[in-house]
Amino acid sequence: MNFDNKEYDNVQDIVNHFNTHFTTIGDKYVTNSTQYQTNKLNDYVQDKIPAGVRFTIPFIKLDETTKLLSKLETSKATGLDEVGPFFIKLSSKALAPSITYLINLSILEGVFPENLKLAKVTPIFKNGDKHMPENYRPISILPTLSKIFEKHVAKHFYLYLSKYKVLHEAQSGFRSNHSCQTVLTKLIDTWLKCIDNGNIVGTVFLDLKKAFDLVNHTILCHILHLYKVSYHSIKWYVRPNTNSMKKSFAYSSSILWNKLPNEIKCCENLDTFKQKCVDFLSINDL
């Protein structure tokens, strides 16, 4: 592998350099001139969500936990804890009370368990030169239990946004009864109507490069505040980071790294929920 114009063939060196590459990739694209205007967004949310309303993560009930465990896909990969979804689903009735307690304690304290942030990361080749790290994308596998936490919170946050009709009707990402097909159907129908009316159709397609790596957590926290998410819940979503940068390196058949932020980020996060949150809110703002 080639890192910074140097060739490496030792496995441990390659592992460590991949860790460095994946955790600092955002530095190459971030500028200090980014300005985020929130006046229009604030007016939009104030018009949609009544005064005095705040979203707070609700506690989970035992039957809800049991239902989530029963829906685990047993074919999914296992995280660093080596406890796969098959065994958790098989013993769901015995584990459900304890998992319910842990989730509710996490919500009550406003802290997401550190160990559930640790991911098993594997570099997957995309295209181009196989010796260049930028031609690989990291696939993160989080512990199965973290997905139970995430699904509960994501469900209720989505219900909150839907209740007040905050999401644009044309937004299709991570929404039930929406898909690529619904977007294409809407676009094609609009284009055909324009053509029938004798108008010229022009389109602009945007590809957001490294969008997930470049999430500004300060802005994300502010957006959550504008959408009237309670401070306690924001703290759970993205807890203030007490360490400027933490990474732990280990070697196995995969690359292992501590899923904590690099220096350009100010908060820790629950990755899967953050991705959905970013897609919901950032795209919705456009």
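Criteria and cut-off values
Residues numbered from 1 in each chain as written. Predicted model: local features only at pLDDT ≥ 70, side-chain atom pairs only at ≥ 80, totals over all residues. Heavy atoms only, no water. Buried < 20%, exposed > 50% of the residue type's maximum accessible area, 1.4 Å probe, protein only. Helix = DSSP H or I, 4+ residues; strand = E, 2+ residues; numbered from the N terminus. Arc of directions from axis to C-beta. Contact = heavy atoms within 4.5 Å. Salt bridge = Lys/Arg side-chain N within 4 Å of Asp/Glu carboxyl O. Lys, Arg positive; Asp, Glu negative; His and termini not counted. Core = buried A, V, L, I, M, F, W, Y, C linked by side-chain atoms within 4.5 Å. pLDDT = per-residue confidence, 0-100.

Visitor: Is there a simple way to think about helix α3 (residues 62-70) in this case?
Guide: Side chains three or four residues apart in an α-helix point the same way, a direct result of the helix having 3.6 residues per turn. Regarding α3, the residues found buried are T65, L68 and L69. Seen from one end, α3 has its buried residues packed into an arc of 100°, which puts them on one side. Each element contacted by the buried residues of α3 is listed here: α4 (85-90), α5 (92-109) and α6 (144-163).

Visitor: Looking at this model, I keep getting lost on the pattern of salt bridges. Mind explaining?
Guide: Close approach of charged atoms allows side chains with opposite charge to pair. For the coordinates displayed, the defined rule picks out four salt bridges. Linking K76 and E73 is a salt bridge whose minimum nitrogen-to-oxygen distance equals 4.0 Å. Accessibility expressed as a relative area gives 45% for K76, which makes it partly exposed. Looking at E73, the relative accessible area reads 48%, which means it is partly exposed. In this structure, K193 engages D189 in a salt bridge whose closest nitrogen and oxygen atoms are separated by 3.6 Å. A residue pair is termed a helical-turn pair when its members lie 3 or 4 positions apart in one helix, as K193 and D189 do in helix α7 (residues 180-196) at four residues.

Visitor: How should I be thinking about the side chain of K228 in this particular structure?
Guide: Here K228 lies in the loop between α8 (217-226) and α9 (231-237). It is D47 that comes nearest to the buried, bridge-free K228 among opposite-charge side chains, at 10 Å. If sequence neighbours within four positions are ignored, K228 has contacts with V45, Q46, I49, P50, A51, V53, R54, F55 and Y160.

Visitor: What am I meant to see in the nonpolar core here?
Guide: Generally speaking, soluble globular proteins have nonpolar side chains that are buried together. Counting residues in each nonpolar core, the largest one holds 39 residues, and the members touching the most others are F157, Y160, L224 and Y237. Every element with two or more residues in this core is listed here: α2 (39-48), α3, α5, α6, α8 and α9. F22, V121, Y136 and L142 belong to the second-largest nonpolar core, a separate cluster that totals nine residues.

Visitor: Which parts of the structure should I look at to understand the confidence of the model for the protein?
Guide: For any part of a model where pLDDT is low, the fine detail of the predicted coordinates should not be relied upon. Scored by pLDDT, the protein has a mean of 79; 81% of the residues are at 70 or more. Segment residues 240-270 is flagged for pLDDT under 50; beyond a separation of four residues in sequence, or across chains, it makes 89 contacts in the model.

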